Amino acid sequence: MIIEKIMKKDVLTLTPDDTIATAMKMMRQNRIRHIPIITGDRTLVGLVSDRDIREAAPSILTSDKDEQSLFTKPLKEIMKTEIITAHPLDFVEEAAAIFFENRIGCLPVIKLEKLVGMITEADVLYTFVQLTGAHQPSSRIEVRVPNISGMLSEVSALFQKKHVNISSVLVYPDENEQYKILVFRVQTMNPTSIVKDLQQHGYTVLWPNVPGMSS
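Notes on the structure follow. (Residues numbered from 1 in each chain as written. Predicted model: local features only at pLDDT ≥ 70, side-chain atom pairs only at ≥ 80, totals over all residues. Heavy atoms only, no water.)

**So, the overall build of the protein**
The helix and strand inventory of the protein stands at 7 helices and 8 strands. Taking 215 residues into account, the globule formula puts the C-alpha radius of gyration at 17 Å, and the protein, at 25 Å, lies well above it. By its C-alpha atoms, the protein is 75 × 40 × 30 Å across when sized along the principal axes. Per-residue burial for the protein yields a buried fraction of 37% across its 215 residues. The long-range fraction of contacts in the protein, counting pairs at least 24 apart against all pairs at least 6 apart in sequence, stands at 61%. If the 24 positive side-chain charges of the protein are averaged to one point and the 26 negative ones to another, these points end up 6 Å apart. (Helix = DSSP H or I, 4+ residues; strand = E, 2+ residues; numbered from the N terminus. Rg over C-alpha atoms; globule rule 2.2 N^0.38 Å. Buried < 20%, exposed > 50% of the residue type's maximum accessible area, 1.4 Å probe, protein only. Contact = heavy atoms within 4.5 Å. Lys, Arg positive; Asp, Glu negative; His and termini not counted. Charge placed at Lys NZ, Arg CZ, Asp CG, Glu CD.)

**Some points on helix 7 (residues 192-200)**
Every buried residue belonging to helix 7 is among Ile-194, Val-195, Asp-197, Leu-198 and Gln-199, and all of these are buried. Those residues of helix 7 hidden inside the fold are in contact with strand 5 (139-146), helix 6 (151-161) and strand 8 (204-207). Within two residues after helix 7, Gly-202 carries a phi angle of roughly 90°, on the positive side.

**Focus: the sheet that holds strand 8**
With respect to topology, 4 strands assemble into an open sheet ordered 6-7-5-8, the strand pairing being antiparallel. Of all strands in the sheet, those with a lone pairing partner are strand 6 (166-173) and strand 8, marking the two edges. Strand-to-strand twist of the sheet, defined as the mean angle between neighbouring strand axes without regard to direction, takes the value 25°. Bridge analysis of strand 5 against strand 8 gives 3 bridges, and the strand direction is antiparallel. For Arg-144, the partnering residue across the bridge sits in strand 8 and is Thr-204. Of the strands in this sheet, strand 5, strand 6 and strand 7 (179-186) touch helix 6, which is tilted by about 30° from strand 7. (Pairing = 2+ DSSP bridges. Axes fitted to C-alpha atoms, helices over the stretch in contact; angles between N-to-C directions.)

**Regarding the environment of Ala-96**
Secondary-structure assignment places Ala-96 in helix 4 (residues 92-102). The class for Ala-96 is partly exposed, based on a relative accessible area of 22%. Along the chain, Ala-96 and Thr-204 lie 108 residues apart, while their C-alpha atoms are 31 Å from each other. Not counting residues up to four positions away in its chain, the partners in contact with Ala-96 are Val-124 and Phe-128.

Put into structure tokens, the structure is as follows:
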């Protein structure tokens, strides 16, 4: 899936000359934590987060006059200008890696140097929940198989014979490099029958651990 499919296109923005007070009000009213800062032609020039505002907030030693002066300062004085961005055709998993590696909370989406959207950590997490089918009534089945070509096809064929629909499949390495783990999300609330069938064909079912069945 590409970023264009999940990004928010109606992004709330401000300009470098807007005030800190304006940003605070926009964040509070819309329950957002990041505001892209753009010019009149939607060129991205900065980004302001709730953290930036907290760091700029006055201390208890600040006078009322200084506090009022602070909130009327323009955003260009506190905005971040070195911004990590994404392109609409980038893949969602690439965005997830960027979030993880850089410990950031949002990615402005740029096309032809103009702001066209934005995604957040929450957007990416929600997308992965949808892709795995975890938000729908289903069951999870983990099967440990030899790390050789064709195993996914062989195991999936058993689900087909049992007329069990597969919502998603994930593959991750086992502690022993000679094996891998296939994780199926299937559209059934009672996986006992398919688990028994997998075990009868010699596969090691790690989950679910059905009482009375050896795995």
